[in-house]
Amino acid sequence: MIRVALPGHLRRLIGVDNEIEIDIDGTATPQSVVDAIEARYPVLRGTIREHGTQKRRAYLRYYACEKDLSHDSPDAPLPEAVTSGKEPFLVIGAISGG
Amino acid sequence: MTGVRVLVGTRKGAFTLTSDGKRQHWNVSGPHFPGWLVYHVKGSPVDPNRIYAAPSTDWHGQMIQRSDDGGVTWTPVGNEFAYTGETGKHLWYDGTPHPWEFKRVWHLEPSHSDPDGVLAGVEDAAIFQSADGGGSWRELTGLRGHTTASAWAPGAGGMCLHTILVDKSNANRIFVAISAAGAFRSDDAGQSWRPINRGLRSEYIPDPDAPVGHCVHRIAMHPRSPNVLYMQKHWDVMRTDDAGENWREVSGNLPTDFGFVVDVHAHEPETVYVVPIKSDMEHYPPDGKLRVYRSRTGGNEWEALTNGLPQQDCYVNVLRDAMAVDSLDPCGVYFGTTGGQVYSSANGGDSWTPIVRDLPAVLSVEVQALP
């Protein structure tokens, strides 16, 4: 079980107030985590990764265990603390606006 | 008609403003999609309970939301706008070729005959069609595939397809406008297109009367006179009487002919409204006075409508999709400002009152007459 913290706009779209929990078959990676999120919540397709290219949207970041994983390979395994459920996988919106 | 519903898109969500036929007392609902940029919200002419909205953010891209109960509840529908075939390139700001990239939906145009039918005008400029209530979108590729497309270039606001007009008496005829490519017409339901810019003159492009490259801000049509179009160009208010074959300037006595909105009275095809803006460098009304100008002669002769509008220290803008008319009698006219006001007139513009004063910056205004 992996805990995922989504930005507020996305939590509202899927009607949750807090973290979500997902199960991954095989190796947990940023790619497989977002695959699982989109499979459970199709409304989020295109909101974390771009349609078509499946690239992480430019103004979002992936964090975990106090590290920025955004520029790692999307197929790199997530830290054990995330896969064990001890730490959440964070999808963060860039600071923006005024 | 029992009332009206004004649909307002803002920089931080959408709002619905409802009133009875007198249009004096209003109920304000929202924000819907709080925090999202809502470029446009528009209802189906066939089913007023069916409303489409286009929220987007830089973080999460584009959503399309649909309501089937008049804007009380909303459901996210399809948000994949994939260019079909070769992506192609247009000119970038520096004059180099730049690949087409989808950025957002600027305008939604529901069908006159089918509540599930809707067109979407997007940035980078293209037109998409949905036949299933927004569930899926298919590009009408003839426009982006036009032979001039590689020479199109963005205006300051991006290369956006912001205006879609469908001839109610002939659904095969569609007009669109693109900043900064100009106006185009299809006579085969969007399969093929041709520029309709003869008569436009724009000093800010190398060839001022080129076939494409004009920064058209808005086009308006009266449904009973579909061959007559009015245009607010970057500078110049224009008119055509032959469905865009030839345009002529009708700016007449306007204090400035820069602006964004233009619209036509619901019952008088020769009565036209614009909101003059000082200049391309200063996007606010001249002299700090917010004035709607009305022509009852199809252009050239304009009168200032000021009753109820601020006549000092007003420095808001009125964006291209932020004016609408209702079909009640007398005709109601509505517009929203970047200062968050939505003004209404229940008497064709003779007098104005603010429905709301403190919304986020208004991006679009549409109105529905409720049965």
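Conventions used here
- Residues numbered from 1 in each chain as written.
- Chains lettered and ligands numbered in written order.
- Predicted model: local features only at pLDDT ≥ 70, side-chain atom pairs only at ≥ 80, totals over all residues.
- Helix = DSSP H or I, 4+ residues; strand = E, 2+ residues; numbered from the N terminus.
- Rg over C-alpha atoms; globule rule 2.2 N^0.38 Å.
- Buried ≥ 20, exposed ≤ 12 C-beta atoms within 10 Å, placed from the backbone.
- Contact = placed C-beta atoms within 7 Å.
- Nonpolar A, V, L, I, M, F, W, Y, C, P; charged D, E, K, R; others polar.
- Pairing = 2+ DSSP bridges.
- pLDDT = per-residue confidence, 0-100.
- Axes fitted to C-alpha atoms, helices over the stretch in contact; angles between N-to-C directions.

1. Let's talk about the overall build of chain B
- On a plain count of helices and strands, chain B comes out with 1 helix and 31 strands.
- For chain B, whose C-alpha radius of gyration is 19 Å, the value lies close to the compact-globule estimate of 21 Å for 371 residues.
- Considered along the principal axes of its C-alpha atoms, chain B spans approximately 50 × 45 × 40 Å.
- By the burial criterion, 53% of the 371 residues in chain B qualify as buried.
- Summarising the internal contacts of chain B: among those between residues at least 6 apart in sequence, 50% fall at separations of at least 24.

2. Regarding the overall build of chain A
- A count of helical and extended segments in chain A gives 3 helices and 5 strands.
- In chain A, the order of α-helices and β-strands from amino to carboxyl end is β-α-β-α-β-β-α-β.
- A compact globule built from 98 residues would reach a C-alpha radius of gyration of about 13 Å, and chain A, at 13 Å, matches this within 12%.
- If you line up chain A on its principal axes, its C-alpha atoms span 35 × 25 × 25 Å.

3. What about the interface of chain B and chain A?
- If you look at the interface, chain B gives 10 residues, while chain A gives 15 residues.
- Split by residue class, the side of chain B that touches chain A holds 3 nonpolar, 5 polar and 2 charged.

4. Section: the pairing of strand β19 (residues 216-222) of chain B
Residues and elements named next belong to chain B.
- A large share of β19 lies buried, amounting to 7 of its 7 residues.
- Bridge count between β19 and strand β20 (residues 225-233): 6 bridges; the pairing is antiparallel. If you follow M221 over to β20, its bridge partner there is L229.
- The loop that links β19 with its antiparallel partner β20 comprises 2 residues.

5. Description of unusual backbone geometry
- Cis peptide bonds are those with omega within 30 degrees of zero, and the linkage from B:G30 to B:P31 qualifies with 5 degrees.
- You can see B:P31 is positioned in strand β3 (residues 27-32).
- With an omega dihedral of -5 degrees, the bond running from B:E123 to B:D124 counts as a cis peptide bond.
- Looking at where B:D124 falls in the secondary structure, it is placed in the loop between β12 (118-123) and β13 (126-130).
- The phi dihedral of A:Q54 is positive, around 65 degrees, even though this residue is not glycine.

6. Thoughts on the confidence of the model for chain B
- Mean pLDDT over chain B: 97, with 100% of residues reaching 70 or higher.
- Note on the complex model: pTM 0.96, ipTM 0.93.

7. Section: the sheet that holds strand β26 (residues 303-305) of chain B
Residue and element names in this part refer to chain B.
- Spatially, the 4 strands line up as an open sheet ordered β23-β24-β25-β26, and their pairing is antiparallel. Each edge of the open sheet is held by one strand with a lone partner, namely β23 (258-264) and β26. Ignoring strand direction, the axes of neighbouring strands in this sheet form an average angle of 30 degrees.
- Where strand β25 (residues 292-295) and β26 come together, 3 bridges link them in antiparallel fashion. Looking across to β26, one finds that Y293 is bridged to A304.

8. Comments concerning the sheet that holds strand β28 (residues 333-336) of chain B
All names here are of chain B.
- The antiparallel open sheet is built from 4 strands, whose spatial order is β27-β28-β29-β30. Taken across any chain shown, the strands that pair with only one partner, and hence form the sheet edges, are β27 (323-325) and β30 (353-356). In this sheet, neighbouring strand axes are inclined to one another by 25 degrees on average, regardless of whether the strands run parallel or antiparallel.
- Pairing geometry for β28 and strand β29 (residues 342-345), over 4 bridges, is antiparallel. Looking at the pairing, V333 lines up with S345 of β29.

9. Notes on the environment of A:H71
- Tracing the sequence through the fold places A:H71 in the loop between β4 (67-68) and α3 (80-83).
- Put simply, A:H71 and A:R12 are 59 residues apart on the chain and 27 Å apart in space, counted from C-alpha to C-alpha.

10. Points about the environment of B:A266
Residues and elements named next belong to chain B.
- Mapped onto the elements of the fold, A266 is located in the loop between β23 and β24 (272-277).
- Along the chain, A266 and Q24 lie 242 residues apart, while their C-alpha atoms are 19 Å from each other.
- Once residues within four sequence positions are removed from consideration, A266 is found in contact with V325, D326, S327 and C331.

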